[in-house]
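# Commentary on secondary and tertiary structure
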Amino acid sequence: MKNLVYVLDFGSQYSHLITRRIRELGVYAELVPHNFPLKKLQQAQAIILSGGPQNLSERGALRVSKAIFKLGRPILGICYGQQLTAFELGGEVRAGKTSEYGPMEIKITKASPIFQGLRPKQMTWMSHGDQITVLPAGFVTLAQSANCRYAAIADENYKIYGLQFHPEVTNTENGQKILANFIKISGAQKTWQLKDFLEKTTADIKKKVKKDTVVCGLSGGVDSSVTATLVHKAIGQRLHCILVNHGFGRLNEIEEIVETFRKYGKLNLRVIDAALEFQDALRGVTDPEQKRKIIGGLFIRIFEREAKKIKNAKWLAQGTLYTDAITSGVSVGGTAAVIKSHHNVGGLPKKFGFKLIEPLRELYKDEVRQIGRLLGLPKSITERQPFPGPGLAVRIIGEITEEKLDLLRAADAIVREEISKSRESVQQYFAVLPSIHAVGVQGDARTYGYPIIIRAITTTDYMTAHWAKLPHELLERISVRITNKVRGINRVVYDITSKPPGTVEWE
Ligand code: XMP
C-alpha cells in the first residue's frame, strides 16, 4: 500500500504521537505492535521504531526482527528505536554515564537530508538512560549532544536513520520539520485528511450497530459531545444521550450544558441526578486510583440501569481519546506503563452489559476539535477546555466532602473568570484543593484554612505541557479575590511544574 507509514510500538508514552505527527503531515500512519508481521510491514512506504520504557541491557527487552532492515524501506528509529536499530545491526548499546532528561542542545556535525533546512544547533527533548557506544558498520554520526555522542545516526545508503531525541514532542523545536524530512526521503505522498476519517467512521458505526440502539454518556465536554454528534450522524434518533450529574461539576456546569444542547437541538438528551449515589460511594476514599475506579464503575452501573428502560440498547458510546488510553496503560503492543486510570478506560469495570463504541480512540484532542467543527458543533463546545470525567473529585486531593466541594467551586470560578478575562494564551486552567491546612492571619485573627492551588498550562496535545508564565499582576488579582471572597481559604499557591515530571491534573 502506498503512502502508508507503520510505527512499531515499543511502549513509549509518545508512540501514538508519532503516528499523529505523520498524519499532520498529510500521510496516513498507523501504530502497530512491535512484532507486527513482516509481510504486513512490507505494505508500508516507511517504518518508524518508537521509543520505549525498557533498557536494552535488561533481560527480556523488546527486540525487532533484523529482517525489517532488509525490506528496502526507509526506517527511522527514535530513542529506544534508535538504540535497537544500532544493536540489531551489530552496534553496541550501554547504560550512559549520565542520563539525559528534558531539553538538550544537539550539534549537527554532518549534513544529511533528515536535517535539511535546519541550523547546526538545535534544541531537542531527550529522555534516556542507555545510549549507543559503538556504531554498526555502514553508519555515520549526524549529531551530538554534550552527553550523547550519537544523538543522530544514519546509514544513508539504506535510508536508515536513528535519533536519540524525540522529534514527535513539541519541545524539540524543529521536530516536525525533521519528521517531514524523513517523509520526503520515503517519497510518501500527502493523501490523508480528517474528512476521510469522518466518512469512514460514520459508515463503520452504521454497519456495527445495525438496528440496535446506542446509549451515550454526554458530559458536555468536547470528546463526548463530538462522539454523540458523530453517532447521531450515523444512526439518528436511535442514539440516547444520558448526562449523569455526579455532583462533582464546576459552578453552574450542568445548567450550562443542558442549555447549550437545548439550543443546538439535535440530540435526544436526559439528565440523571446521581450526586448522592456518588457521594456515598466515595465517602472516606482517598486514593486517586480507587476514586477513579469507583467513579468509572458507578457511571457504567447507572448507564446499565438507564439503558434497561430503552428498547434494544446494546451499545455504549464513549468519547475515549488516544491520550486516555495511553496514560491508562493501554498500548497497541501492551507495553506502556499505567500513569493514571482515566475513568472511561482503566476505570471501567471488568464486566458490563454493553458493547463499546469509541470512535475517537485513535485521535488527539485537537483532531477531535477539528472533527467537531466539521460536524457543525458550536464554538462553546469545540473550543471548551478539557475537564476530567471524574470532575472535581480528582481536583480535591484526598477525601471529598461537601465543604471542600463548595470551597473549590467558588475558588475555581474566580481562577477561570480572571484568566479567561486576561486573554492570556493558556490551554487549560483551574483550581485544585489539597486536603491540608495552613495558618493565616485575616482581619487580625488567626485562621486555619485550606490553601488553593492554581494550575495553568500551555500545551498542544496534553501529552507534554509547560506551566503557563502568567503575569504576576494577574496571579495577585486571583489570590486577593479568592482569599477575600472564599471564606475558609487563606492561602493561594501557583503550580510551576511542567508535564513531565508532573501530570496536568493532581490526581
Ligand atoms: P493528565 O493529568 O493525565 O491530563 O496529564 C491530561 C489531560 O487529560 C485530562 N484528564 C482526563 N480526562 N478523564 C478525562 O476525560 C479523566 O479521567 C482525565 N484525567 C485527566 C486532563 O484534564 C488534561 O487535559
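In short, a report on the structure. (Residues numbered from 1 in each chain as written. Predicted model: local features only at pLDDT ≥ 70, side-chain atom pairs only at ≥ 80, totals over all residues. Heavy atoms only, no water.)

## Brief notes about the packing of aromatic side chains
Tallied over the full model, the rule gives nine aromatic pairs. Taken together, a centroid distance of 6.3 Å and an interplanar angle of 85° make the contact between Phe248 and Phe278 edge-to-face. Here Phe248, found in the loop between strand S11 (239-245) and helix H7 (253-264), pairs with Phe278, found in helix H8 (residues 275-282); they are 30 residues apart in sequence, far enough to count as distant. As far as burial versus exposure is concerned, Phe248 and Phe278 are alike and both buried. Relative to Tyr264, the ring of Phe261 has its centre 6.4 Å away and its plane inclined at 85°; by these criteria the two rings are edge-to-face. Here Phe261 and its partner Tyr264 are both found in helix H7, three residues apart, which amounts to about one turn of the helix. When sorted by exposure, Phe261 lands in the same class as Tyr264, which is buried. Taken together, the ring pairs connect Phe248, Phe278, Phe299 and Phe303 into an aromatic cluster. (Phe/Tyr/Trp six-rings, centres within 6.5 Å; stacked < 30°, edge-to-face > 60°. Helix = DSSP H or I, 4+ residues; strand = E, 2+ residues; numbered from the N terminus. Buried < 20%, exposed > 50% of the residue type's maximum accessible area, 1.4 Å probe, protein only.)

## Some remarks on the pattern of salt bridges
Applying the stated criterion across every chain, the model contains 29 salt bridges. We note a salt bridge from Arg21 to Glu24, for which the minimum N-O separation is 3.1 Å. Taken together, the positions of Arg21 and Glu24, both in helix H1 (residues 15-24) and three residues apart, correspond to about one turn of that helix. Of the residues examined, Arg21 reaches a relative accessible area of 6% and is grouped as buried. On the accessibility criterion, Glu24 (41% relative accessible area) is partly exposed. Of the charged contacts, one joins Arg283 and Asp280 as a salt bridge, the two residues approaching to 3.0 Å between their closest N and O atoms. Assessed through its relative accessible area of 53%, Arg283 is described here as exposed. On the basis of relative accessibility, which here comes to 49%, the residue Asp280 falls in the partly exposed class. (Salt bridge = Lys/Arg side-chain N within 4 Å of Asp/Glu carboxyl O.)

Coordinates in, geometry out; function isn't part of it.
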